[in-house]
Amino acid sequence: MSDFTAQPLDGDPAARVVVAGASGFTGALAAEIVWRHPKLELVAATSRGDAGKRLDRLYPRYRVPIELTELDLENLPEVDAAIVAYPHGAAAPTDAALRAQGILVVDLSADFRLRDRETYERWYGEHGAPDLFGSGVYGLSEIYREQLREAKLVATPGCYPTASVLALAPLAEQGLLSEVFVSAMQGTSGYGRSSDDLVHFSGMTENAFPYKTEGHRHRPEIEQELAALGSPAPVTFVPHLIPLDQGELATCFGTLAEPTSKEAVRALYTKRYADEPFVHVLDGPPNLRAVRDTNECHVYVTVAERGRVMAFSAIDNIWKGASSQGVQNLNLMLGLDETAGLL
C-alpha cells in the first residue's frame, strides 16, 4: 500500500474541505473523491467510532492516507466547505453548527430534502435544526443547477429519487405524467454498514426481495420533485434488494396525461439531456455494470403498445446516488466546472 501523504492537487486549492462521517460507505467515498480532486483540499475526515484509524486501512481500495479524527465543532481546522455524511437526525444540528461558522455544507442525509415540515416529521421524526428547515437547495444538479451556484446548504437527493426523477423529469416538465409506478432494485451498500443478517453474504447470495412495501420514505421525495417539475402525480414506489454491493436500477411506469408517441418521447429525452455531462440517453435498456464507480445516470425510455410510458435509469447508488453527486453539487457551489474530479 502506498505511503504517500501529499494530496495530488493541481495548484492552489479552491476550497479546504472536511468530510464528516467518513467511516460509512458514502462518507469514505466522498473523502476519496475529494482526496483525488484537483481543486479540493481534504483537511480532515472524521468519525466517532473509528477515530484514530487510517482511512486507507479501513477502506484499502480508496487510498486516502489520513487518520480519522473526531469532529470537534469548537476547534475546527480552517475549512471552507463540509460534506456531512451522517444519518438523518444527526446531520441537521451538525449542518447548523457548520453554517453558523460560515462554512458551505453539502448534506448527504435526508434532513433538508423535503420541503414540507409535516411530511418530514411523518417519515423521519423531529427535525434536528428546525430554524434551518426548508433552507437547503435540493441537490439534483440537472434540475437545480442555477440555484446550486448560489447555495450555502445543499440537500443531496436520496439514491432512489435521483434515479427515478432523472428517469421521469423530461415528461414531468411537460406535465405529461398523471400516475407513476416505480420498481427499483439496489445493491446492499444502500443499507449502509448494517448488522442486519439479511444483507450479509449468506443472506443475499442467490436472493432478492422487496422491502418497505407499504411505504418507503423516498416516495414523498419523488412525489415532491415530480410536482415541482409540473406533474403532481401520485407515486407507487417499491424498492428491492439484489445481491450486488453497488448499483441501482429504477423501472418507472407512467400513465400519460395525453397520448404521446414513442418517437416524440424519445425526442423529448434526447433534447432535454443533450448537454448534460452525466446523463446519457441510451438506445436500449441500461445495465448496472456500465455505471459502476461513476457519476453517470443511463436512461432509456419507450412507450408500450397500450400507451404507457416506461422509463429506465441506472446509477451507482453510492456515487451518483450520494457521494459523487455531493461533490458535483460542491463544484457548482464553488464556481468550479461541475465535472471536476468526477470524470
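Our subject is the structure that appears above.
Description of the structure in this document.

How each quantity is defined
Residues numbered from 1 in each chain as written. Predicted model: local features only at pLDDT ≥ 70, side-chain atom pairs only at ≥ 80, totals over all residues. Heavy atoms only, no water. Helix = DSSP H or I, 4+ residues; strand = E, 2+ residues; numbered from the N terminus. Rg over C-alpha atoms; globule rule 2.2 N^0.38 Å. Buried < 20%, exposed > 50% of the residue type's maximum accessible area, 1.4 Å probe, protein only. Core = buried A, V, L, I, M, F, W, Y, C linked by side-chain atoms within 4.5 Å. Contact = heavy atoms within 4.5 Å. Pairing = 2+ DSSP bridges. Arc of directions from axis to C-beta. Axes fitted to C-alpha atoms, helices over the stretch in contact; angles between N-to-C directions. Bend = angle between axes of the 7 residues up to and from the residue. Right-handed = clockwise from strand over helix to strand, strands pointing away. Phe/Tyr/Trp six-rings, centres within 6.5 Å; stacked < 30°, edge-to-face > 60°. Polar contact = N/O pair within 3.5 Å; in protein donor to acceptor, adjacent residues only side chain to side chain.

Looking at the overall build of the protein
The secondary structure content of the protein amounts to 10 helices and 13 strands. Relative to the compact-globule value of 20 Å for 343 residues, the protein shows a C-alpha radius of gyration of 20 Å, a close match. Taken along its principal axes, the extent of the C-alpha atoms in the protein is 60 × 45 × 40 Å. When the 343 residues of the protein are sorted by exposure, 54% land in the buried category.

Overview of the nonpolar core
Judged by nonpolar contacts, the single largest core of 82 residues is most densely connected at I83 and L177. Aside from chain neighbours lying at most four places away, what touches L177 is L168, L171, A172, L226, S231, A233, G254, T255 and V309. With 15 residues, the next largest nonpolar core counts A44, V79, A91 and F112 among its residues.

Some remarks on the sheet that holds strand β4 (residues 104–107)
An order of β2-β1-β3-β4-β6-β5 is seen for the 6 strands of this open sheet, with the pairing classed as parallel. At either end of the open sheet lies a strand with only one pairing partner, and these are β2 (40–46) and β5 (137–138). Strand direction decides the pairing type here: β4 and strand β6 (residues 153–155), joined by 3 bridges, are parallel. Bridge assignment links V106 to a residue of β6, and that residue is V154.

Thoughts on the environment of T270
Here T270 lies in helix α9 (residues 262–272). Its relative accessible area of 44% is what places T270 among the partly exposed residues.

A word on helix α3 (residues 91–100)
Among the residues making up α3, those that are buried are A91, A92, T94, D95 and L98. Down the axis of α3, the buried set is contained in an arc of 160°. They therefore lie on one face. Looking at the buried side of α3, the elements it contacts are β3 (81–84), β4 and β6. G102 sits one or two positions beyond α3 and adopts a positive phi of about 80°.

Details of the sheet that holds strand β9 (residues 235–241)
Overall, mixed pairing links the 7 strands, which are arranged β8-β9-β7-β10-β13-β12-β11 in an open sheet. The open sheet has two edge strands with one neighbour each: β8 (209–210) and β11 (279–281). Here 7 bridges tie strand β7 (residues 177–186) to β9, and the two strands are oriented parallel to one another. Within the sheet, the bridge partner assigned to F181 lies in β9 and is T236. Those strands touched by α9 are β11, β12 (297–303) and β13 (309–315), and its axis lies near 160° from that of β12.

Some thoughts on helix α10 (residues 319–333)
Within α10, the axis deviates most sharply at Q325, by approximately 45°. Of all the 15 residues making up α10, 15 are buried; the element is thus mostly covered by neighbouring parts of the structure. Two residues or fewer past α10, G335 is found with a positive phi of approximately 75°.

Regarding the pairing of β2
Counting buried residues along β2, 5 of its 7 residues qualify, which places the element largely inside the surrounding structure. Here strand β1 (residues 15–20) pairs with β2 via 6 bridges, running parallel. Looking at β2, one finds that V19 is bridged to A45. Note that the unit made of β1, helix α1 (residues 25–36) and β2 has a crossover that is right-handed.

Observations concerning the packing of aromatic side chains
Considering all chains together, one arrives at 8 aromatic pairs under this definition. Between the aromatic rings of Y300 and F312, the centroid separation amounts to 6.0 Å while the plane-to-plane angle is 20°, which identifies the pairing as stacked. In this pair, Y300 is assigned in strand β12 and F312 in strand β13, connecting sequence segments 12 residues apart. Exposure class is identical for Y300 and F312. Each is buried.

Focus on the side chain of H298
Residue placement: H298 occurs in strand β12. Engagement of the side chain of H298 in a polar contact is seen with the side chain of E296, the distance being 2.7 Å.

Brief notes about the pairing of β1
Within β1, 5 of the 6 residues are buried, leaving the element largely enclosed by the surrounding structure. The sheet contact formed by β1 and β3 spans 4 bridges and is parallel. Paired with A20 across the strands is V84, a residue of β3.

A short note on the environment of A250
In this fold, A250 is placed in strand β10 (residues 248–256). Separated by 62 residues in sequence, A250 and F312 have C-alpha atoms that sit 5.6 Å apart. Those residues in contact with A250 that lie beyond four places of it in its chain are A163, S164, S183, A184, A311, F312 and S313.

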